[in-house]
Amino acid sequence: MWVCSTLWRVRTLARQWRRLLPASGCHGPAASSYSASAETARVRALVYGHHGDPAKVVEGITRQWFQRFPWIFLQRVTAAVSSASTVLKNLDRAAVGGSDVRVKMLAAPINPSDINMIQGNYGLLPELPAVGGNEGVAQVVAVGSNVTRLKPGDWVIPANAGLGTWRTEAVFSEEALIQVPSDIPLQSAATLGVNPCTAYRMLMDFEQLQPGDSVIQNASNSGVGQAVIQIAAALGLRTINVVRDRPDIQKLSDRLKSLGAEHVITEEELRRPEMKNFFKDMPQPRLALNCVGGKSSTELLRQLARGGTMVTYGGMAKQPVIASVSLLIFKDLKLRGFWLSQWKKDHSPDQFKELILTLCNLIRRGQLAAPACSQVPLQDYQSALEASMKPFVSSKQILTM
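Parameters and conventions
- Residues numbered from 1 in each chain as written.
- Predicted model: local features only at pLDDT ≥ 70, side-chain atom pairs only at ≥ 80, totals over all residues.
- Heavy atoms only, no water.
- Core = buried A, V, L, I, M, F, W, Y, C linked by side-chain atoms within 4.5 Å.
- Buried < 20%, exposed > 50% of the residue type's maximum accessible area, 1.4 Å probe, protein only.
- Helix = DSSP H or I, 4+ residues; strand = E, 2+ residues; numbered from the N terminus.
- Contact = heavy atoms within 4.5 Å.
- Axes fitted to C-alpha atoms, helices over the stretch in contact; angles between N-to-C directions.
- Parallel < 35°, antiparallel > 145°, perpendicular 65-115°, else oblique.
- Nonpolar A, V, L, I, M, F, W, Y, C, P; charged D, E, K, R; others polar.
- 1 Å grid on protein atoms, 1.4 Å probe; cavity = no way out; pocket = protein on both sides within 12 Å on 5 of 7 lines; lining within 4 Å.
- Points joined across faces, edges and corners; volume = space filled by probe spheres on them.
- Left-handed = near helix turned anticlockwise from the far one by under 90°.
- pLDDT = per-residue confidence, 0-100.
- Salt bridge = Lys/Arg side-chain N within 4 Å of Asp/Glu carboxyl O.
- Pairing = 2+ DSSP bridges.
- Polar contact = N/O pair within 3.5 Å; in protein donor to acceptor, adjacent residues only side chain to side chain.
- Phe/Tyr/Trp six-rings, centres within 6.5 Å; stacked < 30°, edge-to-face > 60°.

1. What about the nonpolar core?
Buried together is how nonpolar side chains tend to be arranged in soluble globular proteins.
Line of reasoning, step 1. Judged by nonpolar contacts, the single largest core of 46 residues is most densely connected at Val137, Leu203, Ile231, Leu289 and Leu359.
Line of reasoning, step 2. Looking at this core element by element, the count peaks at 7 residues for helix α15 (residues 349-364).
Line of reasoning, step 3. Ignoring any residue separated from it by four or fewer positions in sequence, one finds Leu289 in contact with Met202, Leu203, Val215, Ile216, Gln217, Asn218, Val228, Leu300, Val311 and Tyr313.
Line of reasoning, step 4. Counting 17 residues, the second largest nonpolar core, distinct from the first, contains Tyr48, Val58, Ile110 and Ile115.

2. Points about unusual backbone geometry
Line of reasoning, step 1. At the junction of Leu128 and Pro129, the peptide bond is cis and its omega measures out at 0° in the coordinates.
Line of reasoning, step 2. Within the secondary structure, Pro129 sits in the loop between α6 (112-119) and β4 (130-131).
Line of reasoning, step 3. Positive phi outside glycine occurs at Ala219, with the angle close to 50°.
Line of reasoning, step 4. Mapped onto the elements, Ala219 comes out in the loop between β9 (214-217) and α9 (223-234).

3. Let's talk about the packing of helix α8 (residues 195-205) against α15
Line of reasoning, step 1. Two numbers describe how α8 lies on α15: the axes approach to 10 Å, and their chain directions differ by 100°. Put simply, α8 runs roughly perpendicular to α15. In this structure, α8 contributes Pro196, Cys197, Tyr200 and Arg201 to the contact, and α15 contributes Phe352, Leu355, Ile356, Thr358 and Leu359.
Line of reasoning, step 2. Taken together, the residues that form the contact of α8 with α15 break down as 7 nonpolar, 1 polar and 1 charged.

4. As for empty space enclosed by the protein
Line of reasoning, step 1. Under the definition given, this model contains 4 cavities of 30 Å³ or more.
Line of reasoning, step 2. Approximately 110 Å³ is the volume attributed to the largest cavity.
Line of reasoning, step 3. Around the largest cavity, the lining is made up of 15 residues, and of these Thr191, Pro196, Ala369, Ala370 and Pro371 lie nearest the centre.
Line of reasoning, step 4. Where the lining of the largest cavity is concerned, the elements lending two or more residues are α8 and α9.
Line of reasoning, step 5. No other element matches the 4 residues that α9 contributes to the lining of the largest cavity.
Line of reasoning, step 6. In terms of residue class, the lining of the largest cavity is built from 8 nonpolar, 6 polar and 1 charged.

5. Some thoughts on the packing of α8 against α9
Line of reasoning, step 1. Between α8 and α9, whose axes approach to 8 Å, the crossing angle comes to 50°. Of the possible angle classes, the one that applies to α8 and α9 is oblique. Viewed along their axes, α8 and α9 form a crossing whose handedness is right-handed. Along the contact surface, α8 presents Asn195, Pro196, Thr198, Ala199, Tyr200, Met202 and Leu203, while α9 presents Gly223, Val224, Ala227, Val228, Ile231 and Ala232.
Line of reasoning, step 2. Partitioned by chemical class, the residues of the contact of α8 with α9 number 10 nonpolar, 3 polar and no charged.

6. Some points on helix α12 (residues 294-303)
Line of reasoning, step 1. Taking burial as the measure, the 10 residues of α12 include 7 buried ones, the bulk of the element.
Line of reasoning, step 2. Within α12 the residues assigned to the buried category are Gly294, Ser296, Ser297, Glu299, Leu300, Leu301 and Gln303.

7. Section: the confidence of the model for the chain
Line of reasoning, step 1. Looking at the chain as a whole, its pLDDT mean stands at 84, while 81% of the residues score no less than 70.
Line of reasoning, step 2. Counting contacts from residues 2-10, a segment whose pLDDT is below 50, to residues more than four positions away or on other chains yields 4 contacts.
Line of reasoning, step 3. Low confidence marks residues 22-41, where pLDDT is under 50. Its contacts with residues over four positions away, or in another chain, come to 71 contacts.

8. Observations concerning the pattern of salt bridges
Line of reasoning, step 1. Scanning the model with the defined rule gives 11 salt bridges in all.
Line of reasoning, step 2. Linking Lys151 and Asp154 is a salt bridge whose minimum nitrogen-to-oxygen distance equals 3.0 Å.
Line of reasoning, step 3. Look at Asp154 and you get buried, because its relative accessible area is 7%.
Line of reasoning, step 4. A salt bridge links Lys353 to Asp350, with the shortest nitrogen-to-oxygen separation between them at 3.9 Å.

9. Here's the deal with the pairing of strand β3 (residues 100-109)
Line of reasoning, step 1. A large share of β3 lies buried, amounting to 8 of its 10 residues.
Line of reasoning, step 2. Across 6 bridges, β3 lies against strand β5 (residues 137-143) in antiparallel orientation. Paired with Met105 across the two strands is Ala138, which belongs to β5.
Line of reasoning, step 3. Two elements, β3 and strand β17 (residues 396-400), share 3 bridges in a ladder whose sense is antiparallel. The residue of β17 that forms the bridge with Pro109 is Ile398.

10. Topic: the environment of Thr298
Line of reasoning, step 1. As for its position among the elements, Thr298 is in helix α12.
Line of reasoning, step 2. Separated by 25 residues in the primary sequence, Thr298 and Ala323 place their C-alpha atoms 6.0 Å from one another.

11. Focus: the environment of Arg286
Line of reasoning, step 1. Within the secondary structure, Arg286 is located in the loop between α11 (267-270) and β12 (287-290).
Line of reasoning, step 2. The contact partners of Arg286, leaving out residues within four places of it in the chain, are Glu207, Gln208, Leu209, Asp213, Ser214, Leu304, Ala305, Gly308 and Thr309.
Line of reasoning, step 3. In this structure the side chain of Arg286 is engaged in a polar contact, spanning 3.4 Å, whose partner is the backbone oxygen of Gln208.

12. Remarks on the pairing of strand β7 (residues 169-173)
Line of reasoning, step 1. For β7, the tally of buried residues reaches 4 of 5 residues, placing the bulk of the element in the interior.
Line of reasoning, step 2. Bridge count for β3 against β7 is 5 bridges, and the pairing is antiparallel. Note that in β7 the partner of Asp100 across the bridge is Ser173.

13. What to know about the packing of aromatic side chains
Line of reasoning, step 1. Counting across every chain of the model gives 3 aromatic pairs.
Line of reasoning, step 2. When the ring of Tyr122 is compared with that of Trp339, the centres are 5.8 Å apart and the planes differ by 85°; the resulting orientation is edge-to-face. In this pair, Tyr122 sits in the loop between α6 and β4 while Trp339 sits in the loop between β15 (334-337) and α14 (340-346), placing the two residues 217 residues apart along the sequence.
Line of reasoning, step 3. Look at Tyr122 and you get partly exposed, because its relative accessible area is 25%.
Line of reasoning, step 4. Accessibility expressed as a relative area gives 28% for Trp339, which makes it partly exposed.
Line of reasoning, step 5. Taken together, a centroid distance of 5.2 Å and an interplanar angle of 80° make the contact between Phe278 and Phe279 edge-to-face.
Line of reasoning, step 6. For Phe279, a relative accessible area of 14% gives the class buried.

See the structure below:
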């Protein structure tokens, strides 16, 4: 009876973990077409099995780590758990079969949405256990016989969230990847698919802005905020950039202005009565971009021109957006929300590819640079996760493989 109970628990655990292994290049029909002896031994992934504090629930997984689990032994003695297991076979390394693409991850950032997903506080949650990371850049290593758009050596990024990019290599379907030019900086490619896309769409989709118009935003030193500054400058728009006060505020202000920010002010300055004189020399903004919520969003609303729009795409303060009734009535302000994943659902893959190419052209012209980044080796993921959740951190953590 004990043996039957143990086998049931082992097989249940095996089914959960087996979902991750084909995508990690560990085993399965696609992975069986190349050498499983040397290549898969180096596959590593950051996996979480339940929701919670990322620094506590994310584990670095290696082939040697799998051997600690009894289901690995079960795989070796019976095909009942995994009829497709090829992990012990020494196969000639060949192209991945079918429509699959094997990639080597090059770099993957840690975004707020990644943290929210691990915490269980996001609009899209993958089945657990899951590999962390929604963004990154990889290089194609091998392609299947039915793959037509990609070839070895190409750089690719995920087409959608939830792919799991915090790993050294993986096997994905061709449709799950979008090719990007390899002549752009690695950090730009790794951070291309989320923040710049969000910034561009918010600037283009809610107000018909013309050169000389102004935009106000909070969290201006975030990844999206830095992209907004640069894309707005490329479009001839003027930006008012709100940040939290901090000891090195002048250094931050100088850096944001070097990206193209016209004005950088603190949350405290935004609340002062003197702000009414601020717009004597520039038009009131018709668009406000809110990533904070709470009092900060209320202050953004107060600065909007009549008929303007505030777009909320984040809630860093974990406080609700409070809108004055008088502002809604007498200034006819509009409150909207934006989520890139929903935009992708509402638009075709070709439209997303077009967006990516537009941003790549800005990068090539020197009009869009990656946010300030700190590259961290994958094995040091704990320090990277902790750093990404500290206040007043202006440097994005990027895991390098």
